[in-house]
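Close look at the chain arrangement
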Amino acid sequence: MIAYPDVIEDSSMYTDLAKEFSLNGYSVYVAVANGPTKTFLNIEGGVNVLRVKTLKLFNTSIIRKGLANIILPFQVRKMIGIFFKDLQFDAIIVPPPPITYLSTLKVLKTNYKSMVYLI
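Definitions and cut-offs
Residues numbered from 1 in each chain as written. Predicted model: local features only at pLDDT ≥ 70, side-chain atom pairs only at ≥ 80, totals over all residues. Heavy atoms only, no water. Helix = DSSP H or I, 4+ residues; strand = E, 2+ residues; numbered from the N terminus. Rg over C-alpha atoms; globule rule 2.2 N^0.38 Å. Buried < 20%, exposed > 50% of the residue type's maximum accessible area, 1.4 Å probe, protein only. Contact = heavy atoms within 4.5 Å. Areas by Shrake-Rupley, 256 points an atom, 1.4 Å probe, with all protein chains shown as cover. Lys, Arg positive; Asp, Glu negative; His and termini not counted. Charge placed at Lys NZ, Arg CZ, Asp CG, Glu CD. Salt bridge = Lys/Arg side-chain N within 4 Å of Asp/Glu carboxyl O. Core = buried A, V, L, I, M, F, W, Y, C linked by side-chain atoms within 4.5 Å.

Time to look at the overall build of the protein chain. In terms of regular secondary structure, the protein chain is built from three helices and five strands. Secondary structure elements of the protein chain, listed N to C terminal, follow the sequence α-β-β-β-α-β-α-β. By the compact-globule yardstick of 14 Å for 119 residues, the protein chain fits well, its C-alpha radius of gyration being 14 Å. Projected onto the principal axes, the alpha-carbon positions of the protein chain cover approximately 45 × 35 × 25 Å. The buried share among the 119 residues of the protein chain stands at 33%. The contacts of the protein chain with a sequence gap of at least 6 include a subset with a gap of at least 24, amounting to 51%. Summed over its atoms, the accessible surface of the protein chain is roughly 7,500 Å², and 61% of this surface lies on carbon and sulfur atoms. Separation between the mean location of the 13 positive side-chain charges and that of the 8 negative ones in the protein chain comes to 16 Å.

Written out as C-alpha cells, the structure is:
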C-alpha cells in the first residue's frame with residue numbers, strides 16, 4: 001500500500017476496514033510505504049502497521065518517483081519477510097496495485113498460502 005494514514009488522526013476506507021477486522025477479533029497487519037524515514041512496526045488503533053523506508057514518492061522529480069515506484073514492491077516484500085516471517089496470513093487485501101506489485105503479490109500469496117483480494 002502506498003498510503004495508510006494514522007488511524008488516530010485520520011481515516012480512509014483502508015483504515016476503517018483494518019479497524020473493523022481488528023474489532024472483530026482478527027489480527028491485522030498492514031505494510032505501507034513510509035518515505036525516506038526509518039522502517040518500524042507500530043500498533044495503531046489495534047492494527048499492526050509496518051511503515052517501510054522507501055525512496056521519496058511524492059514532491060520529487062518524475063525520474064526519482066519512477067525509480068521509487070519500481071523498487072517499492074521489493075522493499076516492502078523484504079521488510080514483510082523480516083518483520084512478519086513467523087506469521088501466517090489467511091488473506092491479503094490490497095488496493096488495485098500498480099503493475100510492479102504483481103510479482104510481490106504472487107510471492108506473498110505463495111509464501112503465506114493466502115488468498116489475495118483486490119479492493
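With that settled, the discussion passes to the pattern of salt bridges. A full pass over the atoms with the stated rule returns one salt bridge. For arginine 51, the salt bridge identified is with glutamate 44, shortest N-O distance 3.0 Å. For arginine 51, a relative accessible area of 11% corresponds to the buried category. Look at glutamate 44 and you get buried, because its relative accessible area is 7%.

This paragraph deals with the nonpolar core. The tendency in soluble globular proteins is for nonpolar side chains to be buried side by side. Leu50, Leu72, Val76, Ile80, Phe84 and Tyr112 are the most contacted members of the largest nonpolar core, which totals 18 residues. Listing elements by their share of this core, those giving two or more residues are strand E1 (29–33), strand E3 (47–52), helix H2 (62–83), strand E4 (91–94) and helix H3 (102–112). When residues of this core are assigned to their parent elements, the largest contribution, five residues, is made by H2. What isoleucine 80 contacts, discounting residues up to four positions off in sequence, is Ala31, Leu50, Lys85, Leu108 and Tyr112. Judged by nonpolar contacts, the second largest core, of seven residues, contains Tyr4, Ala18, Val47 and Val49.

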